[in-house]
Amino acid sequence: MKHLALSLGLVAYAISAPPALAQSTFDRIKVDAGEDLFFSECRRCHAPDATDPSYGPQLDGIVGRKAGTVDGYDYSDALAGSGIVWTPPALRAWMEDNDGFMPGTKMRHVGIGDRTIQDFILAYLSSLSAQ
Ligand code: HEC
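Thresholds applied
Residues numbered from 1 in each chain as written. Predicted model: local features only at pLDDT ≥ 70, side-chain atom pairs only at ≥ 80, totals over all residues. Heavy atoms only, no water. Helix = DSSP H or I, 4+ residues; strand = E, 2+ residues; numbered from the N terminus. Buried < 20%, exposed > 50% of the residue type's maximum accessible area, 1.4 Å probe, protein only. Contact = heavy atoms within 4.5 Å. Near = heavy atom within 4 Å. Polar contact = N/O pair within 3.5 Å; in protein donor to acceptor, adjacent residues only side chain to side chain. Nonpolar A, V, L, I, M, F, W, Y, C, P; charged D, E, K, R; others polar. Axes fitted to C-alpha atoms, helices over the stretch in contact; angles between N-to-C directions. Parallel < 35°, antiparallel > 145°, perpendicular 65-115°, else oblique. Expected span 1.5 Å × (residues − 1). Bend = angle between axes of the 7 residues up to and from the residue. Phe/Tyr/Trp six-rings, centres within 6.5 Å; stacked < 30°, edge-to-face > 60°. Donors = N, O, S within 2.8 Å, 3.2 Å for Na, K, Ca; no water. Tetrahedral: all angles 85-135°; square planar, octahedral: opposite > 155°, others 65-115°.

Caption draft 1: Geometry of the overall build of the protein. What the protein contains, in helices and strands, is five helices and zero strands. For the protein, the proportion of its 131 residues judged to be buried stands at 36%.

See the structure below:
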């Protein structure tokens, strides 16, 4: 949490400080903040890569991935048959109200409606390449 507070502090600085920080620095700060948020909100069920089996499907390469396609993972019928692709807007809707977005999913409700928090988690998820 200390790390998160520091990251958020740096983001506040980056937003307010003229001249703007280099875009790459700003992006790195967002990914760091997103990593902290992922570890507090998602990590107990999801691993960032395939080396670490978890209760939920691993999420490397999730941005742009077709839903329900981790080999060997036992998805709900709702998710397996959804036919959706995990675009950023779909991931936002999922973070905000996953079981409202997709009735029948077995992922327990998470309710992250704050767009800035979603931005950070999306930045982190986007940094996870498919393996
Ligand atoms: C309590 C455990 C739990 C938590 C916490 C959790 N998830 Fe999940 N997640 C699951 C399960 C279980 C599934 C599979 C759902 C299904 O098959 O219906 C899933 C599925 C997903 C999928 C679809 C993956 C695919 O291969 O199609 C995404 C994306 C996802 N979760 C993102 C997140 C994010 C981002 C967070 C944190 C904000 C999060 N989850 C928090 C358990 C969890």
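Caption draft 2: Expanded view of the environment of Phe-101. Residue position: Phe-101 is located in helix α4 (residues 88-101). Since its relative accessible area comes to 35%, Phe-101 is described here as partly exposed. For the pair Phe-101 and Ala-90, spaced eleven residues apart in sequence, the C-alpha to C-alpha distance is 8.7 Å. Sequence-distant contacts of Phe-101, that is, excluding residues within four places in its chain, are made with Ile-84, Trp-86, Ala-90, Ala-93 and Trp-94.

Caption draft 3: A look at the site of the ligand. The environment of the ligand is made up of 23 residues, and the closest members are Cys-42, Cys-45, His-46, Ser-76 and Met-107. Between the ligand and Tyr-75, the relevant distance is 2.5 Å, taken from an oxygen atom to a side-chain nitrogen or oxygen of the residue. Looking at the shell around the ligand residue by residue, the class counts come to 15 nonpolar, four polar and four charged.

Caption draft 4: Spatial organisation of the packing of helix α2 (residues 23-41) against helix α5 (residues 115-127). Direction vectors running N to C along α2 and α5 enclose 100°, while the axes themselves pass 7 Å from each other. Between α2 and α5, the crossing angle belongs to the class labelled roughly perpendicular. On α5, the residues touching Lys-30, Val-31, Ala-33, Gly-34, Glu-35, Leu-37, Phe-38 and Phe-39 of α2 are Ile-117, Phe-120, Ile-121, Ala-123, Tyr-124, Leu-125 and Ser-127. When grouped by side-chain class, the residues that make up the contact of α2 with α5 number eleven nonpolar, two polar and two charged.

Caption draft 5: Structural detail: α4. In a regular helix each residue adds 1.5 Å, so 14 residues correspond to 20 Å; α4 covers only 14 Å between its end C-alpha atoms and thus falls short of that length. Where α4 bends most, at Met-95, the angle is about 80°. For α4, the set of buried residues is Ala-90, Leu-91, Arg-92, Trp-94, Met-95 and Asn-98. Check the buried side of α4 and you find it contacts α5.

Caption draft 6: Spatial organisation of the packing of aromatic side chains. Taken as a whole, this structure holds six aromatic pairs when the rule is applied. Seen in terms of ring centroids, Phe-38 and Tyr-124 are 5.2 Å apart; in terms of plane orientation they differ by 45°. Their pairing is tilted. With Phe-38 in helix α2 and Tyr-124 in helix α5, the pair connects residues that are 86 residues apart, well separated along the chain. For the pair Phe-38 and Tyr-124, one class covers both residues: buried. Linked through ring pairs, Phe-38, Phe-39 and Tyr-124 together constitute an aromatic cluster.

Caption draft 7: Looking closely at the coordination of the iron atom of the ligand. Around the iron atom of the ligand, the donor atoms from the protein are His-46 (NE2) and Met-107 (SD), and they sit 1.9 to 2.1 Å away. Taken together, the six donor atoms surrounding the iron atom of the ligand define angles of 85 to 178° at the centre, an arrangement classified as octahedral. In this pair, His-46 sits in the loop between α2 and α3 (77-80) while Met-107 sits in the loop between α4 and α5, placing the two residues 61 residues apart along the sequence. Residue classification places His-46 among the buried positions, given a relative accessible area of 10%.

Nothing here speaks to function; it is geometry throughout.
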